[in-house]
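So the chains spell out like this:
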Amino acid sequence: MPAKKTPTKRKTAAVVENVKDSKKSRGTTIRSDDGVAHRSHHREAGQVLVLGQGDVGQLGLGEAIIERKKPALLSLPEKIVQVTAGGMHTVCLGEAGHVYSFGCNDEGALGRDTTEEGSEMVPGKVTLDKKVVQVSAGDSHTAALTEDGSVYIWGSFRDNNGVIGLLEPMKTCPAPVKMSLTESVVKIASGNDHVVLLTLDGNLYTSGTAEQGQLGRVPEHFSNRGGRKGLDRLLVPQMVKLRGKVHFSDVFCGAYFTFAVSKEGYVYGFGLSNYHQLGTKSTKMCFVPIKLTCFKNSTTAWVGFSGGQHHTLCLDAEGQVYSLGRAEYGRLGLGQQAEEKSEPTPVMGMEPVRGVSCGASVSYAVTREGSVYAWGMGTNLQLGTGEEDDEWSPMKMTGKQLENREVLMASSGGQHTVLLVKDKQES
């Protein structure tokens, strides 16, 4: 039975992956003089637009503005190369490698001191002495990948009973702390309460909550706070192991699930699939990685995935968007009669797409030409239509701040959406 639709105030993280227009299926991972690099590291700089509801400061527009029906321009100290929306906070990566954060900081997700009243409502710089090349964010945590392959993290992970800690049991981290790893990391991805690290050698490490199987390495009988071994089993990053050696080239997260693409182009998944959002025939949780057969029949390579609370968007190398999982409120973009899908189903009505992203019950596609389409639940004004109506098919987002601008990236949280744009004459 569908859950009752209510304006949500809970934190629900979104994960955005912006992929290039390459026909290649494999994520390019290299080590250069500039450090580690991955094809998902975005380098094109622009400005930031925000929309939706922001009563805890996640719009970054100050205490006086807590709602925007249309995209609004946000002032930041430098040009930005990546935006990511956590559940109720926002993180921006500057072209110089600095990190800026704003929004809810009750468990340290901003990584900076916000004791001054109202300071969480506007962008503030996170103190890190290394250049950052990628950021990710969940409900109450933020992670940053530095150019030397190190990962810093701050905030907290939560499970169904509350805070579980971040790196140590029951301890939140209000400022960045380096994760202890023996391998160089090339990409990070965050779900609501878990983080996945892809290393230079093609290995996956995970940490965070394991209740829905999203870590891919903790058996179900240990998933509640680590069982006999306790929370260290969850919070200390450990490798996801598969039968037979599998090297991965890319990784993506949904709220409670994970997708990983092998160097051979196979798609693996683990975590929550109660609405078939992993593409499994069953709705059981997957506590170990499953090779997902529903993705093997594609005539082209899969290059992007993003998951909301109960749905998934995927993107192929031709720029075609597909959706699967829960259909309520239009989040699949398949029209008003759409029902739950257990296999990737084409979403029509858009030009070729370069990146897909999901919020809790909303979806976005950024086209190669620089438009952004939105669909799904309209309750929190995240779609940019100016109304609270649900949209069951892709709608091109419009607004004064989008005129003569090209959209580079979109990210969406529990109640708000963030866009990275640049002026068209800069193209």
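In this numbering scheme, every chain counts its residues from 1 along its sequence in written order. Under the rules for a predicted model, residues below a pLDDT of 70 receive no local features and side-chain atom pairs below 80 are neither given nor counted, while totals for whole chains, interfaces and linings still include all residues. Values shown for side chains rest on all heavy atoms present in the structure; no hydrogens or waters enter the calculation.

Thoughts on a negative patch on the surface
Right, on to step 1. Surface patches are defined over residues having more than 30% relative accessible area and no salt bridge, joining like charges when they lie within 9 Å and nonpolar side chains (Val, Leu, Ile, Met, Phe, Trp, Tyr) when within 5 Å. Computed by Shrake-Rupley with a 1.4 Å probe, the accessible areas treat only the displayed protein chains as cover when residues are assessed. Salt bridge, as applied in this entry: a Lys or Arg side-chain nitrogen positioned within 4 Å of an Asp or Glu carboxyl oxygen. In this count, Lys and Arg are taken as positive residues and Asp and Glu as negative ones, while His and the chain termini are left out. Positions of charges follow a simple convention, taking NZ of Lys, CZ of Arg, CG of Asp or CD of Glu. A contiguous patch of negative charge on the surface is contributed by Glu 67, Glu 387, Glu 388 and Asp 389.
Right, on to step 2. By definition, any uninterrupted DSSP run of H or I lasting at least four residues is a helix, any uninterrupted run of E lasting at least two residues is a strand, and each is numbered from the N terminus. Along the chain, the position of Glu 388 falls in the loop between β30 (372-376) and β31 (391-396).
Right, on to step 3. Glu 388 gets classed as partly exposed once you look at its relative accessible area, which sits at 47%. Summary of the burial criterion: residues with accessible area below 20% of their type's maximum are buried, those above 50% are exposed, and those between are partly exposed, where the area comes from a 1.4 Å probe applied to protein chains only.

Considering the state of the cysteines
Right, on to step 1. The definition used for a disulfide is geometric: two cysteine sulfur atoms within 2.5 Å. Going through the model one piece at a time under the given rule, you end up with zero disulfides.
Right, on to step 2. Cysteine Cys 253 is unpaired, with the sulfur of Cys 358 as its nearest cysteine sulfur at 12 Å.
Right, on to step 3. Take Cys 286: it sits in no disulfide, and the sulfur closest to it among the cysteines is that of Cys 294, at 11 Å.

Remarks on the pattern of salt bridges
Right, on to step 1. Applying the stated criterion across every chain, the model contains 11 salt bridges.
Right, on to step 2. Of the charged contacts, one joins Arg 158 and Glu 107 as a salt bridge, the two residues approaching to 2.5 Å between their closest N and O atoms. Of this pair, Arg 158 sits in strand β13 (residues 157-159) while Glu 107 is found in the loop between β8 (99-103) and β9 (124-126), placing the two residues 51 residues apart along the sequence.
Right, on to step 3. When salt bridges with common partners are traced through the structure, they connect Glu 44, Arg 354, Glu 406 and Lys 422 into a single cluster.

Structural notes on the sheet that holds strand β11 (residues 141-146)
Two modes of strand pairing occur in sheets, parallel and antiparallel, and in both the strands are linked by backbone hydrogen bonds.
Right, on to step 1. Only strands joined by at least two bridges in the DSSP assignment are considered to pair. Pairing within the open sheet is antiparallel, and its four strands lie in the order β10-β11-β12-β15. Pairing within the sheet leaves two strands with one partner each, and these edge strands are β10 (132-137) and β15 (173-178). Taking each pair of neighbouring strands and ignoring which way they run, the sheet shows an average axis angle of 15 degrees. Here an axis means a line fitted to C-alpha atoms, over the contact stretch when the element is a helix, while the angle between two N-to-C directions is reported on a 0 to 180 degree scale.

Some words on the side chain of Gln 212
Right, on to step 1. Within the secondary structure layout, Gln 212 lies in the loop between β18 (204-208) and α1 (232-235).
Right, on to step 2. The exposure class of Gln 212 is buried, given its relative accessible area of 12%.
Right, on to step 3. In what follows, a contact means two residues having at least one pair of non-hydrogen atoms within 4.5 Å. Contact partners of Gln 212, with chain neighbours within four places excluded, come to Asn 160, Tyr 256, Gly 271, Leu 272, Met 285, Cys 286 and Phe 287.

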